[in-house]
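For reference, the chains in residue letters:
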Amino acid sequence: PARPAPAADPPPPKRPKAEADPAPAAAAPSQNPPSKILFAQNLPEECTKMALEMLFQQYGGFREVRIPRPGLAFVEFDDAAGAAVALRGLNGFKLTKSDTLALQYGKV
């Protein structure tokens, strides 16, 4: 006996690739031209170097996090392309219930 064919779900609509987005949706685009350094400010007191390293190390080309003073950090990548991917992925990331990661390109 022939079995009825299973009902197929329609394919999901095609979405444009994330790389096509000119700027992150969570925040305004960076005012500075692309660079291999990202700048984060207004970080909460509880945001440590280790916490930022854990967030950014998942992105290719990550080099280091520098926190020159509380609330301010520089994140360095091998090149501007790696920094751009991290900026798109983490800009607007919720650090705490009330604090959001605001990234922009560092000045060269």
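Cut-offs used in this document
- Residues numbered from 1 in each chain as written.
- Predicted model: local features only at pLDDT ≥ 70, side-chain atom pairs only at ≥ 80, totals over all residues.
- Heavy atoms only, no water.
- Helix = DSSP H or I, 4+ residues; strand = E, 2+ residues; numbered from the N terminus.
- Polar contact = N/O pair within 3.5 Å; in protein donor to acceptor, adjacent residues only side chain to side chain.
- Contact = heavy atoms within 4.5 Å.
- Pairing = 2+ DSSP bridges.
- Axes fitted to C-alpha atoms, helices over the stretch in contact; angles between N-to-C directions.
- pLDDT = per-residue confidence, 0-100.

1. Focus: the side chain of Asn32
Here Asn32 lies in the segment before strand E1 (37-41). Engagement of the side chain of Asn32 in a polar contact is seen with the backbone oxygen of Tyr105, the distance being 2.7 Å. With residues up to four places along the chain from it excluded, the contact list for Asn32 reads Gln104, Tyr105, Gly106 and Lys107.

2. What about the sheet that holds strand E3 (residues 72-77)?
Taken in spatial order, the 4 strands line up as E2-E3-E1-E4 in an open sheet, and their pairing is antiparallel. The open sheet has two edge strands with one neighbour each: strand E2 (62-69) and strand E4 (103-105). Pairs of neighbouring strands in the sheet enclose a mean axial angle of 25°, with direction left out of account. Judged from the 3 bridges that link them, E1 and E4 form a sheet pairing that is antiparallel. Considered in E4, the bridge of Phe39 is made with Gln104. Together, E1, E2, E3 and E4 form the strand contacts of helix H1 (residues 49-56), whose direction differs from that of E2 by roughly 150°. Contacting E1, E3 and E4, helix H2 (residues 80-90) crosses the sheet at an angle of about 155° to E4.

3. Some words on the confidence of the model for the protein chain
Taken over all residues, the pLDDT of the protein chain has a mean of 82, while the share at 70 or more is 72%. Segment residues 15-28 is flagged for pLDDT under 50; beyond a separation of four residues in sequence, or across chains, it makes 11 contacts in the model.

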